[in-house]
Structure formats: C-alpha cells, structure tokens
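A closer look at the structure
Here is how the chains run, residue by residue.
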Amino acid sequence: MPELKMTMQDENPTTVPVEARTANLTDLENLRHFLSREDIDGAFQPALSDLVRGVSIQERVQLKFQNGAWIIAESNGNIVGCLAIVPASIPLEVPPAAQDGTVSLGVSLTRWQVEKLMELSTVVTDPKLRAAGVKGIGKLLVDEAIQWILHEGKGNWGLITDSWFGGPMGGFIKRINGIDTLLRVYTDPGKRGPHGPLTTVYGVVCDQRDREFFESLQPDIATLERVLSLQHDDDGR
Ligand SMILES: CC(C)(COP(=O)(O)OP(=O)(O)OC[C@H]1O[C@@H](n2cnc3c(N)ncnc32)[C@H](O)[C@@H]1OP(=O)(O)O)[C@@H](O)C(=O)NCCC(=O)NCCS
C-alpha cells in the first residue's frame, strides 16, 4: 500500500497509507456517503447534488458503476478519493457552436488511433487531507484508472476527462500528463446551468501512442488557448 507523505508536519513528519482500487458493489454505499459530504459535493461546479445535474448522487454512483467502474482511494478503511470511468460521448470533430454567444472550440480527434474513448468523471480527493498537506491521492487514482484502461481496452482505448473552465482539473491533469492536452471548450448549459462555467475536456496520456498524438496537437492546442484567452475572462463564462 503506498505511503503518502504529510508535508505540513515538518517537525513530526508522518505518512498516511493510501490504497487505490476498483470499487465493488459493497463499496457503493460508502461512496454515496463520501460524495454526499458537504465539502465533497460542493467541490464541484455545479455541486453534484444540484438539480441541474439531472441525477442524484445515489443515481450517479449506481449509473457509473453499471456503465463502467469506480476507482476509490482508501486510508485506514475510509474513502479519501474517487473517480469514475465511463464511455465518453465526445464527437471526433469539433461541432459548430449551437447559436450566437455560445462557445464550441477545440481540436479534431480523428487522428487519435483508438477504438473507443472512455472518460474520467467525478474526480475528487478529500479536501481535509489536502489541507493537512497530504499530496498524491489524485495521482494515485489517475494512475489506477490508466491501468484499468490499458487492461480493459487491451491497449486500444483512449481516455479523456471533462471539467469546468477555471477549475483545478486543468493544472492537475497537465501536471500528471507532463504535456498540455486541452481538447475542447464549450458552453454546456445542460450540465452546468444557463450561467455556469464552460466545460473543458482534456486528454489523459495512457501510453506512448497517446503521448505522440498529444505532441502532434501542440500547435493546435496553443492556438485554442490563445483564442480562449482572447474570448474569455478567467471565470470561464
Ligand atoms: C483535482 C484534484 C482531484 C487533484 O487531487 P490532489 O489529490 O490534490 O492531486 P495530487 O496531490 O495527486 O497532485 C498530483 C500533482 O499535481 C499537482 N496539482 C494538483 N492540483 C493541481 C492544480 N490545480 N494545478 C496545478 N497542479 C496541481 C500537485 O501539486 C502534484 O504535483 P507534484 O507531482 O509536483 O507533487 C483535487 O484538487 C480535487 O478533488 N478538486 C476538487 C474536485 C475537482 O475539481 N475535480 C475535478 C473535476 S471532475
């Protein structure tokens, strides 16, 4: 079991044992409790329990389990982080903006040599542990998800993740990937409400094929980011 270091307790450095694994049916009730915690629910934009999401936290836990898998991180028997892996529904080409004032920007994915795209969703780690200086739980979860994708997809699947513009996912995933993988930015009222932030989609590097694909996209991604910074303030509206 990996030991994650607590960095804030300089005088008394200590480690926290954290394990990441695929959740099974018996974990779902604890997962529902974890995601229903006010600080976890409210870490998302909009909150997971917000009616605009169209599914309750309980339904979210069930549906994503049925359609894919949950990876959970545990420390001393408690869930301290999770993510879901489900089939992605992203079009390979960038769709036209639905109407004036809405945003649909991105890069084409047609040259990504993958059979199927999966997506990470509901990625979160315990803010209390983060505040106490524990680092690495998010990376542990994504590493486990990558292993799951490589195993289940036999090396033929690709992985993306979506989030909201201005949220922590952008910096986190860039750090994990070691390369900028911003693929899409779009207005998403169905998911984030009529005045919510833009949705952003990032690629996740699972293997060398992905790294080479994202490397080939760097000029397009740089252009995408330039257009985005010209069009929008930092709050992503
Ligand atoms: C995004 C999130 C899951 C990251 O989890 P975490 O446990 O803090 O991540 P880790 O400690 O494993 O970080 C791994 C690396 O990424 C870096 N990192 C983490 N968040 C970052 C950010 N927002 N910007 C830049 N780098 C970041 C860490 O410093 C660490 O770098 P290191 O390798 O140099 O030490 C966490 O911030 C979170 O739960 N946020 C709230 C929910 C959310 O926004 N979810 C995403 C939308 S689905």
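Reading the values: rules and limits
Residues numbered from 1 in each chain as written. Predicted model: local features only at pLDDT ≥ 70, side-chain atom pairs only at ≥ 80, totals over all residues. Helix = DSSP H or I, 4+ residues; strand = E, 2+ residues; numbered from the N terminus. Rg over C-alpha atoms; globule rule 2.2 N^0.38 Å. Buried ≥ 20, exposed ≤ 12 C-beta atoms within 10 Å, placed from the backbone. Contact = placed C-beta atoms within 7 Å. UniProt positions renumbered as here; feature names shortened; annotations may be inferred. Near = placed C-beta within 6 Å. Nonpolar A, V, L, I, M, F, W, Y, C, P; charged D, E, K, R; others polar. Core = buried A, V, L, I, M, F, W, Y, C linked by C-beta atoms within 7 Å. Axes fitted to C-alpha atoms, helices over the stretch in contact; angles between N-to-C directions. Parallel < 35°, antiparallel > 145°, perpendicular 65-115°, else oblique. Left-handed = near helix turned anticlockwise from the far one by under 90°. Pairing = 2+ DSSP bridges.

Identification of the chain as N-acetyltransferase domain-containing protein is taken from an unreviewed UniProt entry.

1. Some points on the overall build of the chain
When its secondary structure is counted, the chain shows nine helices and 10 strands. The C-alpha radius of gyration of the chain comes to 18 Å, within 12% of the 18 Å expected for a compact globule of 237 residues. If one aligns the C-alpha atoms of the chain with their principal axes, the spans along those axes are about 50 × 40 × 40 Å. Buried positions account for 32% of the 237 residues belonging to the chain. A separation of at least 24 residues holds for 69% of the contacts in the chain among residues at least 6 apart in sequence.

2. With respect to the UniProt feature "domain: N-acetyltransferase" (unreviewed entry) in the chain
Summarizing the sequence annotation, UniProt attributes the feature "domain: N-acetyltransferase" (unreviewed entry) to residues 18-188 in the numbering used throughout. Along residues 18-188 one finds 32% helix and 27% strand; the C-alpha atoms at either end are 35 Å apart.

3. As for the site of the ligand
In the vicinity of the ligand, 19 residues are found, and the nearest of them are T125, G138, K139, P168 and G171. Residue assignment for the shell around the ligand shows that the elements contributing at least two residues are β7 (116-125), α5 (137-152) and α6 (169-177). Residue composition of the shell around the ligand, grouped by class: eight nonpolar, seven polar and four charged.

4. Some words on the nonpolar core
One finds I71 and C82 to be the most contacted residues of the largest nonpolar core, which totals 55 residues. Excluding residues within four positions of it along the chain, I71 makes contact with A20, T22, A23, C82, L83, I85, L141, E144, A145 and W148.

5. A short note on the packing of helix α1 (residues 28-36) against helix α3 (residues 57-67)
In the contact formed by α1 and α3, the axes pass within 9 Å of each other and the chain directions differ by 135 degrees. When the axes of α1 and α3 are compared, the pair comes out oblique. In this structure, the crossing between α1 and α3 has a hand that is right-handed. Note on element contacts: α3 touches α1 through I57, Q58, V61, Q62 and F65, opposite L28, L31, R32, L35 and S36.

6. Section: the pairing of β7
Sheet analysis places strand β5 (residues 78-87) next to β7, joined by six bridges and oriented antiparallel. Paired with A84 across the strands is S121, a residue of β7.

7. A word on the environment of R60
The topology assignment puts R60 in helix α3. For R60, a count of 20 C-beta atoms within 10 Å corresponds to the buried category. A sequence separation of 12 residues divides R60 from L48, and the C-alpha atoms of the two residues are 8.8 Å apart. In this view, R60 contacts L48, V55 and T122; residues no more than four positions away in its chain are not counted.

8. Quick word on the sheet that holds strand β8 (residues 157-164)
Either a parallel or an antiparallel arrangement is found when strands of a sheet pair, and the pairing is made through backbone hydrogen bonds. Strands sit in the order β3-β4-β5-β7-β8-β10-β9-β6 across an open sheet of eight strands; the sheet is mixed. The open sheet is flanked by β3 (19-22) and β6 (104-106), the only strands paired with a single partner. On average, adjacent strands in this sheet sit at an angle of 20 degrees to one another, irrespective of strand direction.

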